[in-house]
Amino acid sequence: MAIGVPPRFGVPHLSPASVVKRAGWQDSEEVRVSNWLAPWDGGEALDAGLIGLPYSGASINPSGAYGGPESVRLAFRYNTTYSPDWDVDIRGLRVRDLGDVGGHLTDVLVAHNKIETAVAAACAIEPRFVPVMIGGDHSVTAPAVRGVCAANPGKQVGVINIDAHLDVRNFEHGPHNGTPFRAIITGDIPVSGKNVVELGIHGFMNSASYMRWAREQGATVISGREVQRQGMEACIAEALRVAGDGTDVIYLSVDIDCLAFPWAIGTSATSPEGLSAWQLMEAVYVCGLDPKVGAMDLVEIDPGKDVKDLTSRTGCSVLLTFFAGLYRRLYDNAVHDA
């Protein structure tokens, strides 16, 4: 945060979103998401708040994932608020865009500290709402989880990571986008390894040593092949059971590289052993329904690698599907087309 600049909505390091996109066209019978998900005015009651984390300075491979929040915001113009898949119109859900958290050009730890501080302050805004964050590389998840924990003193937090990778690498190269879940499990925060679930993990993208380490910490690992064999309905139910066992809040992290090649062109490290878009949508919808899921992030969308905004548009569908579940959770008795 620049010297002399007051915190935005009382949240340090938060700035207005890099872009505000209004849909150029809609008719009288529909609402475009770009016209619904407006910037927050600081006073409206919220069910969920969008926060951009445009930082990818801690990527193993060169990454333009810092552009993820902007590319997703722009891609929302393609979407409306109604889905026949869930028979839900989310226009009644109170979601607003809070803005972006600034990073740091050269120092990963400074960037992460800014994210942690900002997320903690945002989560403490009353009345409480579900923070939905768009990265950025996956390194942003560790400070975001620390921020959520700081805003929920005395509460245990479970974590579900839907990903190609375990992201429990050691710290010999410092914190980066391959280390967030080691940082979370070993950090001085109320997250136990037994409440961490790694879901959709790909073949030939991880090491046996890191798999052993994760299991030694009590983490549950469900591979992409297991999802294909058992079905996502059973696997996400197990993930929520494990992450919610004795915890008060569940943090959901979605790395877009959890998807197989055709579904996620615009990211750095996906593979053919991944999930389908339908499997991912089923998972995030159920997580939106679950009363313990109190925070979410979506990471690793790299618009520089994307083709015709396809991956950014997939990211939009992920977030909107989570919102559909959240709408059902909060307003199940509401008239859906109100």
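Anyway, here's the lowdown on the structure attached to this text. (Residues numbered from 1 in each chain as written. Predicted model: local features only at pLDDT ≥ 70, side-chain atom pairs only at ≥ 80, totals over all residues. Heavy atoms only, no water.)

### Observations regarding the packing of aromatic side chains
Put simply, the rule reads: In this scheme Phe, Tyr and Trp rings, the latter by its six-membered ring, pair at centre separations within 6.5 Å, and the angle between planes marks the pair as stacked below 30 degrees, edge-to-face above 60, and tilted otherwise. By the criteria applied, helices consist of DSSP H or I runs no shorter than four residues and strands consist of E runs no shorter than two, each listed in order from the N terminus. Lysine and arginine charges are scored as sitting over a ring when NZ or CZ, respectively, is within 6 Å of the ring centre and within 35 degrees of the ring normal.
This structure, assessed with the given rule, holds five aromatic pairs. Centre to centre, the rings of W36 and F323 are 6.2 Å apart; their planes meet at 75 degrees, and the pair counts as edge-to-face. In this pair, W36 sits in helix α1 (residues 33-36) while F323 sits in helix α10 (residues 310-331), placing the two residues 287 residues apart along the sequence. Members of the aromatic cluster, connected to one another through ring pairs, are W36, F322 and F323. The ring of W213 is capped by R182, whose NZ or CZ atom sits 4.0 Å from the centre of that ring. The side chain of R313 reaches across the aromatic face of Y78, ending 3.8 Å from its centre.

### Description of the sheet that holds strand β10 (residues 249-255)
Cut-off, in case you're wondering: Note on pairing: two strands pair once DSSP finds at least 2 bridges between them. Here a residue-residue contact requires only that any non-hydrogen atoms of the pair lie within 4.5 Å. Structural elements are reduced to axes, namely lines fitted to C-alpha atoms, with helices fitted over the stretch in contact, and the angle between N-to-C directions of any two is expressed from 0 to 180 degrees.
Taken in spatial order, the nine strands make up an open sheet running β1-β5-β2-β6-β11-β10-β7-β8-β9, and their pairing is mixed. Pairing within the sheet leaves two strands with one partner each, and these edge strands are β1 (14-15) and β9 (220-223). Note that strand β2 (residues 48-53) and strand β6 (residues 130-135) share six bridges and pair parallel. Each bridged residue has a counterpart across the sheet, and for G49 the counterpart in β6 is P131. Its contacts with the sheet put helix α8 (residues 232-244) on β7 (157-162), β8 (196-201), β9, β10 and β11 (293-299), and the angle it makes with β8 is roughly 160 degrees. Packing of helix α9 (residues 277-289) onto the sheet brings it into contact with β7, β10 and β11, and relative to β10 it is tilted by some 160 degrees.

### With respect to the nonpolar core
What counts, and what does not: Nonpolar cores are built from buried Ala, Val, Leu, Ile, Met, Phe, Trp, Tyr and Cys residues. Side-chain atoms within 4.5 Å join them into one set. Each residue's exposure class comes from its accessible area (1.4 Å probe, protein chains only) as a fraction of the maximum for that residue type: buried when under 20%, exposed when over 50%, partly exposed otherwise.
Among the nonpolar cores identified, the biggest contains 57 residues, and W36, I162, L252, L319, F322 and F323 are the most heavily contacted of them. Looking at this core, the element that brings in the most residues is α10, giving nine residues. Dropping the residues within four chain positions of it, I162 is found in contact with L199, L252, S253, V254, D255, C258, L275, L280 and A283.

### Quick look at the packing of helix α3 (residues 108-123) against helix α4 (residues 141-150)
As a reminder, the rule being used: For any pair of crossing helices, the crossing counts as left-handed if the nearer helix is rotated counterclockwise from the farther one by less than a right angle, and right-handed if it is rotated clockwise. By the convention adopted, Pro, Cys, Tyr, Trp, Phe, Met, Ile, Leu, Val and Ala count as nonpolar, Lys, Arg, Asp and Glu as charged, and the other residues, Gly among them, as polar.
Two numbers describe how α3 lies on α4: the axes approach to 7 Å, and their chain directions differ by 35 degrees. Considering how the two elements wind past one another, α3 and α4 form a crossing that is right-handed. Of the residues in α4, those in contact with H112, I115, E116, V119, A120 and C123 of α3 are P143, A144, R146, G147, V148 and A150. Looking at the contact of α3 with α4 residue by residue, the classes come out as eight nonpolar, two polar and two charged.

### Here we look at α8
This is how it is decided: One fewer than the residue count of a helix, multiplied by 1.5 Å, yields its expected span.
Relative to the 18 Å expected for 13 residues at 1.5 Å per residue, α8 spans 18 Å between its end C-alpha atoms, a close match to the ideal helical length. Downstream of α8 by one or two residues, G246 has phi in the positive range, about 80 degrees.

### Focus on the pattern of salt bridges
The cut-off we apply is this: By salt bridge we mean one thing: a side-chain nitrogen of Lys or Arg within 4 Å of a carboxyl oxygen of Asp or Glu.
Under the counting rule described, the total for this entry stands at eleven salt bridges. Note that D309 is salt-bridged to R77, the shortest N-O span being 4.0 Å. Pair noted here: D309 is in the loop between β11 and α10 and R77 is in the loop between α2 (68-75) and β3 (82-83), with a separation of 232 residues, a long-range link. Overall, D309 belongs to the partly exposed group, its relative accessible area being 32%. Among the charged side chains, a salt-bridge network with shared partners connects R73, D97 and D100.

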